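Overview (structure and organization)
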Amino acid sequence: MKDMFDLNNLVRENIKKLVPYSSARDEFSGDAKVFLDANENSLGSPLPKWYNRYPDPHQQKVKEAISKIKGVPAEHIFLGNGSDECIDLLFRSFCNPGKDNVVICPPTYGMYEVSANINDVEVRKALLTDDFQLDLIHLENLIDANTKIAWICSPNNPTGNSLNRNDIEMLSNNFDGLVVIDEAYINFSKQRSFVQELTEYPNLVVMQTFSKAWGLAALRLGMAFASTEIINILNKVKPPYNINQATQELALKAMEEVAQVNDMIHHLVDMRDALSEVFEQIPTVEKVYPSDANFILVKIKDARKLYVFLLTKGIVVRDRSNVKLCDDCLRITIGTEEENTALVDAIQEWLS
Ligand SMILES: *Cc1c(COP(=O)(O)O)cnc(C)c1O
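Source: prediction; values computed, not measured.

What the chain contains, in helices and strands, is 12 helices and 11 strands. Taken over the C-alpha trace, the chain has a radius of gyration of 22 Å; the compact-globule value for 352 residues is 20 Å, and the two agree within 12%. Considering only C-alpha atoms, the chain reaches an extent of 70 × 55 × 35 Å along its principal axes. Counting the 352 residues in the chain, one finds 52% classified as buried. Long-range pairs, those at least 24 residues apart, make up 69% of the contacts in the chain between residues at least 6 apart in sequence. Working note: accessible area of the chain is about 17,200 Å², and carbon and sulfur atoms make up 51% of it. Taken together, the 36 basic and 50 acidic charged side chains of the chain have centroids lying 4 Å from each other.

Once that is clear, we can look at the packing of helix α3 (residues 60-70) against helix α9 (residues 245-254). In the contact formed by α3 and α9, the axes pass within 9 Å of each other and the chain directions differ by 25°. Classed by the angle they form, the pair α3 and α9 counts as roughly parallel. In this structure, α3 meets α9 at a crossing whose hand is left-handed. In this structure, α3 contributes Lys 61, Val 62 and Ala 65 to the contact, and α9 contributes Gln 248, Ala 251 and Leu 252. Of the residues belonging to the contact of α3 with α9, the class tally is 4 nonpolar, 1 polar and 1 charged.

The subject of this paragraph is the UniProt feature "modified residue: N6-(pyridoxal phosphate)lysine" (unreviewed entry) in the chain. Using the residue numbers shown here, the UniProt feature "modified residue: N6-(pyridoxal phosphate)lysine" (unreviewed entry) corresponds to Lys 212. Here Lys 212 lies in the loop between β6 (204-209) and β7 (222-225). The residues touching Lys 212, leaving out its near neighbours within four places in the chain, are Ala 184, Tyr 185 and Phe 188. A distance of 3.1 Å separates polar atoms of two side chains, one belonging to Lys 212 and the other to Tyr 185.

All right, on to the site of the ligand then. Taken together, 13 residues lie near the ligand, and Asp 182, Tyr 185, Ser 211, Lys 212 and Arg 220 sit nearest. In the environment of the ligand, an oxygen atom lies 2.6 Å from a nitrogen or oxygen atom belonging to the side chain of Arg 220. Considering the ligand on its own, with 390 Å² of exposed area, one finds that the protein chains cover 94% of that surface. Along the lines of polarity and charge, the residues of the shell around the ligand split into 4 nonpolar, 5 polar and 4 charged.

Attention now goes to helix α10 (residues 258-281). The terminal C-alpha atoms of α10 lie 35 Å apart, and with 24 residues this matches the ideal 34 Å at 1.5 Å per residue to within 8%. Looking at α10, one finds that the buried residues are Val 261, Ile 265, Val 269, Met 271, Arg 272, Leu 275, Ser 276 and Phe 279. Where the residues of α10 are buried, they touch β8 (285-288), β9 (295-300), β11 (329-333) and α12 (337-351).

Before going further, it helps to examine empty space enclosed by the protein. Vacant regions in the atomic arrangement are exposed by a probe of water-molecule size rolled over the atoms. Summed over all chains, the structure comprises 1 cavity of 30 Å³ or more. What lines the largest cavity is simply Ser 154, Pro 155, Ser 162, Leu 163, Arg 165, Ile 168, Glu 183, Ile 186, Gln 191, Arg 192 and Phe 194.

Where side chains of opposite charge bring their charged atoms close, a pairing between them can arise. Inspection of the entire model under this criterion finds 19 salt bridges. The salt bridge involving Arg 25 is made with Glu 40; its shortest N-O contact spans 3.2 Å. Placement of the pair is Arg 25 in helix α2 (residues 24-27) and Glu 40 in the loop between α2 and α3, with a sequence separation of 15 residues. Both residues of the pair, Arg 25 and Glu 40, belong to the buried class. Measuring nitrogen to oxygen at the nearest pair gives 3.7 Å for the salt bridge that ties Arg 165 to Glu 169. A residue pair is termed a helical-turn pair when its members lie 3 or 4 positions apart in one helix, as Arg 165 and Glu 169 do in helix α7 (residues 165-174) at 4 residues. For Arg 165, a relative accessible area of 15% translates into the label buried. A single salt-bridge network, built from bridges that share partners, covers Arg 25, Asp 37, Glu 40 and Arg 53.

Right, let's talk about the sheet that holds β11 for a bit. The sheet built from 4 strands is open, its strands ordered β8-β9-β11-β10 with antiparallel pairing. On the outer flanks of this sheet lie β8 and β10 (318-319), each paired with one strand and no other. Along the sheet, α10 makes contact with β8, β9 and β11, crossing β9 at roughly 5°.

In globular proteins that are soluble, nonpolar side chains generally tend to be buried together. Grouped together as the largest cluster of nonpolar side chains are 53 residues, with contacts concentrated most on Ile 66, Leu 134 and Phe 225. Counting only domains with at least three residues in this core, you end up with domain 1 (7-254) and domain 2 (259-351). Contact partners of Ile 66, with chain neighbours within four places excluded, come to Gly 71, Ile 77, Leu 79, Phe 210, Met 223, Phe 225 and Met 255. By size, the runner-up hydrophobic cluster in this structure holds 33 residues, among which are Phe 5, Cys 86, Val 102 and Ala 226.

Each value, and the rule that gives it
- Residues numbered from 1 in each chain as written.
- Predicted model: local features only at pLDDT ≥ 70, side-chain atom pairs only at ≥ 80, totals over all residues.
- Heavy atoms only, no water.
- Helix = DSSP H or I, 4+ residues; strand = E, 2+ residues; numbered from the N terminus.
- Rg over C-alpha atoms; globule rule 2.2 N^0.38 Å.
- Buried < 20%, exposed > 50% of the residue type's maximum accessible area, 1.4 Å probe, protein only.
- Contact = heavy atoms within 4.5 Å.
- Areas by Shrake-Rupley, 256 points an atom, 1.4 Å probe, with all protein chains shown as cover.
- Lys, Arg positive; Asp, Glu negative; His and termini not counted.
- Charge placed at Lys NZ, Arg CZ, Asp CG, Glu CD.
- Axes fitted to C-alpha atoms, helices over the stretch in contact; angles between N-to-C directions.
- Parallel < 35°, antiparallel > 145°, perpendicular 65-115°, else oblique.
- Left-handed = near helix turned anticlockwise from the far one by under 90°.
- Nonpolar A, V, L, I, M, F, W, Y, C, P; charged D, E, K, R; others polar.
- UniProt positions renumbered as here; feature names shortened; annotations may be inferred.
- Polar contact = N/O pair within 3.5 Å; in protein donor to acceptor, adjacent residues only side chain to side chain.
- Near = heavy atom within 4 Å.
- Expected span 1.5 Å × (residues − 1).
- 1 Å grid on protein atoms, 1.4 Å probe; cavity = no way out; pocket = protein on both sides within 12 Å on 5 of 7 lines; lining within 4 Å.
- Points joined across faces, edges and corners; volume = space filled by probe spheres on them.
- Salt bridge = Lys/Arg side-chain N within 4 Å of Asp/Glu carboxyl O.
- Pairing = 2+ DSSP bridges.
- Core = buried A, V, L, I, M, F, W, Y, C linked by side-chain atoms within 4.5 Å.
- Domains from an automatic or database assignment.

The structure is reproduced here in structure tokens:
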């Protein structure tokens, strides 16, 4: 099937024909002394640092820094205003409203379905198996000629586990639409990222983000790694200046501190494993699901009531007890040492 993969069959006709917006920075990108081409405020801005100029629409420096860290050439990198923008752009580039469909594997990240609904794209669901793995047979039964994207989240939110690599490879080999692997939590996982497999699978898109391990959720910076053909399409469709100047500067600064980020990741993983063990000892806990992420999914008696009790203690966790396959489950983000202790103390108080 891979030999039959043809990106041209996937891209919407209007996007193929689209002449992208050409910004002032596109039309002149050389060195000059006087820039009078973009109607910026030439006098400056009220901020101590001047933000009066439009940012680099192609985020070249940021991509080069990411390229060094990830070992992926810059032309295989797309940057979005959060992964959420990457998700939306994939829908808008490849899925014809009212005609095409995508497959998702619940329980999973909610934005795939929301973004599909916004774009009027049908969502077909192949529930994960009881051990939260892909149900490949069901998935393949859902796929038809109008299926453009299979959304895979690994490590998966809210279950926390990684999906079997063989299953993802099997799907990528046998599906001639796009396989998007959302690796938002990959830094907390023992599993290898799929970013090194882009040459192997022309239909692969790998998404990562600065929002989780990097601790930069406020900056809104998401990454998509894919073939240059796919990246070029996303570049054509994106708003010209989708990554603002402050975000570009701060992301560059953050990427000078990889060691510090790795320390945080190790610390979070240690606390995750320790907290999992503490939960195992709590009598009303029915199951602590194994996690490759910075959160754990816990099946617990009276989950909803505990959720409400924790709120009275000023502690907010995510109530997933109404989600299919997650009944009686709370999703708990790993906090600081103090926050994790406060959580456990509150649960002990609830039990007594
Ligand atoms: C948190 C999260 C993201 C991050 O989205 P951003 O828009 O980059 O903040 C993406 N995917 C999943 C599964 C997540 O849980």
